[in-house]
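A look at the structure
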There are 2 protein chains.
Amino acid sequence: MKNSTPLRIEEKIGAALRGTKRTLSAAESCTGGQISHLLTTVSGSSEYYLGSVTSYAIAVKKKILGVPADTIEKYNVVSAEVAAAMAEGVRKVTGSTFSVATTGLAEGSDGRYPEGTVWMAASGPKGTVTRLYQCDKGRKGNIRSFANAALHLLYEQIILK
Amino acid sequence: MKNSTPLRIEEKIGAALRGTKRTLSAAESCTGGQISHLLTTVSGSSEYYLGSVTSYAIAVKKKILGVPADTIEKYNVVSAEVAAAMAEGVRKVTGSTFSVATTGLAEGSDGRYPEGTVWMAASGPKGTVTRLYQCDKGRKGNIRSFANAALHLLYEQIILK
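In this text, all values refer to a predicted model and were calculated from it rather than measured experimentally. (Residues numbered from 1 in each chain as written. Chains lettered and ligands numbered in written order. Predicted model: local features only at pLDDT ≥ 70, side-chain atom pairs only at ≥ 80, totals over all residues. Heavy atoms only, no water.)

Attention now moves to the confidence of the model for chain A. In the predicted model, chain A carries a mean pLDDT of 96, and 98% of its residues have values of at least 70. Here the complex is predicted with pTM 0.95, and the ipTM for its interfaces comes to 0.94. (pLDDT = per-residue confidence, 0-100.)

Here you go:
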């Protein structure tokens, strides 16, 4: 029996979507494109991956993703509500079956949450789920950990029975 | 005299933009988020980096970036014309001072260009420039090289006198 390298989470997502006509999009804030980058390292990802919006600026969250201004004002940018609105917004604008979103603090604090905090959301035909995740690995390490955690949340939604 | 590590291209871009009130956005196809990821590894990038659109699907290129359908039909997706339209589209939708865009073949051929071909564009107040770049490093290596080449094209436009 051969040993085989365990699949990376972005490869497991690809294996779950390929040949099913189900598609995927992403809305990233603090992860800054890393989720999209990981998803597109997978050969054949253009079959199910439609694209993403990285919304560093609040204006981009509102204009392209359609996140309501009052959701941001009421709950702050780093919140379950904004993560959910981003995931639902990118799913709507791209027409994808599933989506994933992140909003958090790769570096620095917002006064409410410490550095290393992210709110993630995954959206699909069964609804939208959110999750809080925290780590303490510095800017680049936090970005990597946030992206990995968000892809796991997405994968759980894709394989949900 | 101390030796210092040369700045990475995304750090040089940050140094050129910081404190100038000039901003940046990206439209990525074949680079799949890697340009956005590199730009946002830089501490303080939220000062000048507004966001990006990764448009793997042609529908996303049309809908979010406003690339005209007849430009894609006439010139093909991997072309100077589509790269320029993507750069101008993301600059318009985000309202950024500068933008960078990529459209190419990280893996496989489109029948006209071989694998490893990318058309890049950078857009700014002085206009839009395009450049063809080719390499042969496999999917992941091509993505890395494309992103690096595109950031260099962008930097040239930022420091243009």
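Below, the discussion takes up the interface of chain B and chain A. Contact with chain B, which involves 32 residues of that partner, is made by 32 residues of chain A. Interface of chain B and chain A: buried area, both sides summed, is about 2,400 Å²; carbon and sulfur atoms make up 54% of it. A per-residue breakdown of the area chain B buries against chain A is headed by His37, Thr40 and Tyr56 of chain B, which together make up 20% of the total. On inspection of chain B and its partner chain A, the count reaches zero salt bridges. Counting residues per element, the ones that place at least two in the side of chain B that touches chain A are helix H2 (34-40), strand S2 (49-55), helix H3 (58-63), helix H5 (80-94) and helix H6 (138-158) of chain B. Considering every element that reaches the side of chain B that touches chain A, the biggest residue donor is S2 of chain B, with seven residues. For the side of chain B that touches chain A, the class distribution of residues is ten nonpolar, 16 polar and six charged. (Contact = heavy atoms within 4.5 Å. Buried area = accessible area lost by both parts, 1.4 Å probe. Salt bridge = Lys/Arg side-chain N within 4 Å of Asp/Glu carboxyl O. Helix = DSSP H or I, 4+ residues; strand = E, 2+ residues; numbered from the N terminus. Nonpolar A, V, L, I, M, F, W, Y, C, P; charged D, E, K, R; others polar.)

Turning to the relation of the copies chain B and chain A, a few remarks are in order. Overlay of chain B on chain A (RMSD 0.0 Å): rotation 180 degrees, translation along the axis 0.0 Å. Here the symmetry operator amounts to a two-fold rotation axis. (Least-squares fit on C-alpha atoms with pLDDT ≥ 70 in both.)

In this section: the pattern of salt bridges. For the coordinates displayed, the defined rule picks out eight salt bridges over all chains. Its salt-bridge partner being Arg8 of chain A, residue Glu10 of chain A comes within 2.2 Å of it at the nearest N-O pair. Close ionic contact of Arg8 of chain B with Glu11 of chain B constitutes a salt bridge, the shortest N to O distance being 3.3 Å.

Let's shift gears to H5 of chain B. Along its 15 residues, H5 of chain B runs 21 Å from first to last C-alpha, staying within 8% of the 21 Å computed at 1.5 Å per residue. Taking burial as the measure, the 15 residues of H5 of chain B include eleven buried ones, the bulk of the element. (Expected span 1.5 Å × (residues − 1). Buried < 20%, exposed > 50% of the residue type's maximum accessible area, 1.4 Å probe, protein only.)

Further remarks concern the sheet that holds S2 of chain B. Reading across the sheet, the ten strands line up as S5(A)-S4(A)-S3(A)-S1(A)-S2(A)-S2(B)-S1(B)-S3(B)-S4(B)-S5(B) and stay open at both edges, with mixed pairing between neighbours. Each of the sheet's edge strands pairs with one partner strand only, and the pair in question is strand S5 (127-134) of chain A together with strand S5 (127-134) of chain B. Averaged over all pairs of adjacent strands, the angle between their axes in this sheet comes to 10 degrees, without regard to strand direction. Across eight bridges, strand S4 (residues 117-124) of chain A lies against S5 of chain A in antiparallel orientation. Directly across from Val118 of chain A, in S5 of chain A, lies its bridge partner Tyr133 of chain A. Those strands touched by H5 of chain B are strand S1 (24-28), S2, strand S3 (98-104), strand S4 (117-124) and S5 of chain B, and its axis lies near 145 degrees from that of S3 of chain B. (Pairing = 2+ DSSP bridges. Axes fitted to C-alpha atoms, helices over the stretch in contact; angles between N-to-C directions.)

Moving on to the packing of aromatic side chains. Scanning all chains against the criterion turns up four aromatic pairs over all chains. Their ring planes at 70 degrees and their centres at 5.4 Å tell us that Tyr49 of chain A and Tyr56 of chain B sit as a pair that is edge-to-face. With Tyr49 of chain A in strand S2 (residues 49-55) and Tyr56 of chain B in the loop between S2 and H3, this residue pair bridges two chains. Each ring, one from Tyr133 of chain B and one from Phe146 of chain B, has its centre 6.5 Å from the other, and the planes form 85 degrees; the classification is edge-to-face. A residue pair is termed long-range when its members are at least 10 positions apart, and Tyr133 of chain B in strand S5 and Phe146 of chain B in helix H6 qualify at 13 residues. (Phe/Tyr/Trp six-rings, centres within 6.5 Å; stacked < 30°, edge-to-face > 60°.)

Let us look at the environment of Ser4 of chain B. Structurally, Ser4 of chain B is set in the segment before helix H1 (9-17). By relative accessible area, which is 65% here, Ser4 of chain B ends up exposed.

Turning to the environment of Thr94 of chain B, a few remarks are in order. Considering the arrangement of structural elements, one finds Thr94 of chain B in helix H5. Judged by relative accessible area, which is 14%, Thr94 of chain B ranks as buried. With 41 residues separating them along the chain, Thr94 of chain B and Cys135 of chain B place their C-alpha atoms 31 Å apart. Not counting chain neighbours up to four residues away, the residues in contact with Thr94 of chain B comprise Val60 of chain A together with Ser25 and Leu50 of chain B.

A separate point is the packing of H1 of chain B against H6 of chain B. Residues and elements named next belong to chain B. In contact at an axis separation of 9 Å, H1 and H6 are set at 20 degrees when each is read in the N-to-C sense. Taken together, H1 and H6 sit at an angle that is classed as roughly parallel. Crossing hand, H1 versus H6: left-handed. Here Ile9, Glu10, Lys12, Ile13, Ala16 and Leu17 of H1 come into contact with H6, specifically with Asn148, Leu151, His152, Leu154, Tyr155 and Ile158. Across the contact of H1 with H6, the residue classes break down as eight nonpolar, two polar and two charged. (Parallel < 35°, antiparallel > 145°, perpendicular 65-115°, else oblique. Left-handed = near helix turned anticlockwise from the far one by under 90°.)

Moving on to the pairing of S4 of chain B. Residues and elements named next belong to chain B. Counting buried residues along S4, eight of its eight residues qualify, which places the element largely inside the surrounding structure. For S3 and S4, the ladder comprises six bridges, and the chain directions are antiparallel. Within the sheet, the bridge partner assigned to Thr103 lies in S4 and is Trp119. Counted along the chain from S4 to the antiparallel partner S5, the turn is two residues long.

This next bit is on H6 of chain B. A rise of 1.5 Å per residue sets the reference length of H6 of chain B, with its 21 residues, at 30 Å; its end C-alpha atoms lie 30 Å apart and thus fit the reference within 8%. Summarising burial for H6 of chain B: 15 of the 21 residues are buried, a large majority.

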